[in-house]
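The residues making up each chain are set out below.
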Amino acid sequence: MSPTIKDAIQQKKFRNVNHQTQVNIIYTSNWLQSQISKIFKKYGLSSQQYNVLRILNGSYPNSLNLSQIKSRMLDKMSDTSRVVERLRLAGYLTRAVSKEDRRESIISISKKGLKLVEEMKADEPAMDQISNGLTASESVQLCKLLDKFRVNDTLE
């Protein structure tokens, strides 16, 4: 059994249970990012780069513009244009000027990008293993609770 959040961060008291929940979610999110980053590192990718590749792979053979990619990103704070440019320079995607609006870029996953996403499927069992502390029904319950947690999107 993993340590409680109190043990993990060596904090005896929280303001209230809501504060403890928020700290636990942040701590767990950072822990999860660290675990997944270990897998992406062997491919020379960040989690944001992998996210862009997965988005473009999912829309293949259709292209997307930058705002469409950004709206689908898991990390809404990432600099999507910088992430896209790094992937383009690595040959994992292509970027072209839109014929309808010359200010807009049209982005597509390249053959090399498709090959990389396919190659990374071999690591999906390792990614799944990260959450093996939960049963399938507990995972479903956690997803429902996390969706419910985000319902109060009032802060800007």
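Our subject is the structure that appears above.
Residues numbered from 1 in each chain as written. Predicted model: local features only at pLDDT ≥ 70, side-chain atom pairs only at ≥ 80, totals over all residues. Heavy atoms only, no water.

1. Structural notes on the layout of surface pockets
Right, so step 1: Considered as a void within the structure, the largest pocket measures approximately 2,400 Å³ in volume.
Right, so step 2: In terms of lining residues, the largest pocket is bounded by 46 residues, among which Ile25, Thr28, Ser29, Leu32 and Leu146 are the most central.
Right, so step 3: Among the secondary structure elements, those contributing two or more residues to the lining of the largest pocket are helix H1 (5–9), helix H2 (17–41), helix H3 (47–59), helix H7 (124–129) and helix H8 (136–149).
Right, so step 4: Top element by residues in the lining of the largest pocket is H2. It accounts for 13 residues.
Right, so step 5: The residue inventory of the lining of the largest pocket, partitioned by class, reads 22 nonpolar, 16 polar and eight charged. (1 Å grid on protein atoms, 1.4 Å probe; cavity = no way out; pocket = protein on both sides within 12 Å on 5 of 7 lines; lining within 4 Å. Points joined across faces, edges and corners; volume = space filled by probe spheres on them. Helix = DSSP H or I, 4+ residues; strand = E, 2+ residues; numbered from the N terminus. Nonpolar A, V, L, I, M, F, W, Y, C, P; charged D, E, K, R; others polar.)

2. Comments concerning the pairing of strand S3 (residues 105–109)
Regular strands show a simple pattern: their side chains alternate between the two faces of the sheet.
Right, so step 1: The element S3 is largely enclosed, with a buried count of four among its five residues.
Right, so step 2: Note: strand S1 (residues 64–65) against S3, two bridges, orientation antiparallel. Along S3, the bridge assignment pairs Leu64 with Ile107.
Right, so step 3: Strand direction decides the pairing type here: strand S2 (residues 93–97) and S3, joined by five bridges, are antiparallel. Residue pairing in the sheet places Arg95 in a bridge with Ile107 of S3. (Buried < 20%, exposed > 50% of the residue type's maximum accessible area, 1.4 Å probe, protein only. Pairing = 2+ DSSP bridges.)

3. Here's the deal with unusual backbone geometry
Across residues other than glycine, the phi torsion is negative in most instances, and most of the peptide bonds are trans.
Right, so step 1: Here the amide bond leading from Tyr60 into Pro61 is cis, since omega sits at 15 degrees, within 30 degrees of zero.
Right, so step 2: Mapped onto the elements, Pro61 comes out in the loop between H3 and S1.
Right, so step 3: A positive phi angle is found at Gln10, which is not glycine, with a value near 55 degrees.
Right, so step 4: Residue position: Gln10 is located in the loop between H1 and H2.
Right, so step 5: Using a relative accessible area of 72% as the deciding quantity, one classes Gln10 as exposed.

4. Brief notes about the nonpolar core
Soluble globular proteins: nonpolar side chains tend toward being buried together.
Right, so step 1: In terms of nonpolar packing, the biggest core is built from 26 residues, with Leu45, Val52, Leu53, Leu56, Ile69 and Leu87 touching the most fellow members.
Right, so step 2: Taken together, the elements giving at least two residues each to this core come down to H2, H3, helix H5 (80–89), S3 and helix H6 (111–120).
Right, so step 3: With five residues, the single largest contributor to this core is H3.
Right, so step 4: When sequence neighbours within four positions are dropped, the list of residues in contact with Leu56 reads Leu64, Ile69, Leu93, Ile107, Ser108 and Ile109. (Core = buried A, V, L, I, M, F, W, Y, C linked by side-chain atoms within 4.5 Å. Contact = heavy atoms within 4.5 Å.)

5. Quick word on the pattern of salt bridges
Right, so step 1: Following the criterion strictly, the structure yields six salt bridges and no others.
Right, so step 2: The partner of Arg88 in a salt bridge is Glu85, with the nearest N and O atoms 2.6 Å apart. One end of the pair, Arg88, and the other, Glu85, are both in helix H5, three residues apart, so they sit about a helical turn from each other.
Right, so step 3: We classify Arg88 as partly exposed; its relative accessible area is 33%.
Right, so step 4: On the accessibility criterion, Glu85 (26% relative accessible area) is partly exposed.
Right, so step 5: It is possible to trace a salt-bridge network through shared partners that takes in Glu85, Arg88 and Arg95. (Salt bridge = Lys/Arg side-chain N within 4 Å of Asp/Glu carboxyl O.)

Honestly, that's just the spatial picture; any functional story needs more than this.
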